[in-house]
Amino acid sequence: MTAPAEPPAPANPLPCPVTTTVAVIGGKWKAVAIYHLLGGPRRFSELQRRMPGVTQRMLTLQLRELEADGLVHREVYPQVPPKVEYSLTPLGLTLEPIVRAMLAWGSAYRERPTRPDPILPTPDA
């Protein structure tokens with residue numbers, strides 16, 4: 001006797017909304033760039049100065065992804081030398097409460113009395 005066939009999985013199941021959010025603003029530098037853009041338009045070099053540790057290539061990639069997702073607007077001014085500014089779109093501005101909550105949580109986490117190293121899952125877990 002053969003086992004009954006399982007029903008087919010939905011063709012395009014909708015991901016968990018948290019998965020969607022992480023896919024859009026996840027990564028080491030995206031949320032940080034969004035945080036700095038909450039203060040208004042910034043030039044690339046200003047963002048890079050405010051984000052120690054980010055490479056030019058990585059910041060460029062992250063900004064391009066944020067632009068492709070509709071969160072960041074890139075404005076090129078026709079002048080010499082070229083001037084480019086990045087700003088949040090109306091959709092990008094809707095992330096402000098999330099980024100501010102991340103700021104508050106991160107501050108509280110750093111100031112807690114004991115700081116054990118985070119337990120990272122092993123590849124076998």
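Structure report, in brief. Since the model is a prediction, treat every value here as computed from it, not as a measurement.

## A word on the pattern of salt bridges
Per the stated rule, a full pass over the model turns up five salt bridges. Here K30 makes a salt bridge to E65, at a shortest N to O gap of 2.7 Å. A residue pair is termed long-range when its members are at least 10 positions apart, and K30 in helix α2 (residues 30-37) and E65 in helix α4 (residues 56-68) qualify at 35 residues. For K30, a relative accessible area of 3% gives the class buried. A salt bridge links K83 to E85; the shortest N-O distance between them is 3.8 Å. On the basis of relative accessible area, K83 is assigned to the partly exposed category, the value being 22%. What you see here is one network of salt bridges that share partners, running through R42, E46 and R50.

## As for the sheet that holds strand β3 (residues 83-88)
Spatial ordering of the open sheet is given by β1-β3-β2, a layout of three strands whose pairing is antiparallel. Looking at which strands have only one partner, the edges of the open sheet turn out to be β1 (42-43) and β2 (72-77). Across six bridges, the pairing between β2 and β3 is antiparallel. Bridging across to β3, V76 finds its partner in V84.

## Focus: the packing of helix α1 (residues 17-25) against α2
Two elements in contact, α1 and α2, have axes separated by 8 Å at closest approach and are oriented at 75°. As judged from the angle between their axes, α1 and α2 are roughly perpendicular. Residues A23, V24 and I25 of α1 lie in contact with α2, whose contacting residues are K30, A31 and I34.

## Here we look at the nonpolar core
Counting 20 residues, the largest nonpolar core has I34, L47, M51, L59, L63 and Y86 as its most contacted members. At the level of secondary structure, the elements contributing two or more residues to this core comprise α2, α3 (44-50), α4 and β3. Discounting residues that sit within four places of it in the chain, L63 has contacts with A33, F44, L47 and Y86.

## Concerning α2
Burial runs high along α2: six of the eight residues are buried. All of the buried residues along α2 are K30, A31, A33, I34, H36 and L37.

## Observations concerning the side chain of Q62
Along the chain, Q62 turns up in helix α4. Its relative accessible area of 8% is what places Q62 among the buried residues. Leave out the neighbours within four places in its chain, and Q62 touches G26, G27, K28, W29 and K30.

Quick notes on the rules
Residues numbered from 1 in each chain as written. Predicted model: local features only at pLDDT ≥ 70, side-chain atom pairs only at ≥ 80, totals over all residues. Heavy atoms only, no water. Salt bridge = Lys/Arg side-chain N within 4 Å of Asp/Glu carboxyl O. Helix = DSSP H or I, 4+ residues; strand = E, 2+ residues; numbered from the N terminus. Buried < 20%, exposed > 50% of the residue type's maximum accessible area, 1.4 Å probe, protein only. Pairing = 2+ DSSP bridges. Axes fitted to C-alpha atoms, helices over the stretch in contact; angles between N-to-C directions. Parallel < 35°, antiparallel > 145°, perpendicular 65-115°, else oblique. Contact = heavy atoms within 4.5 Å. Core = buried A, V, L, I, M, F, W, Y, C linked by side-chain atoms within 4.5 Å.

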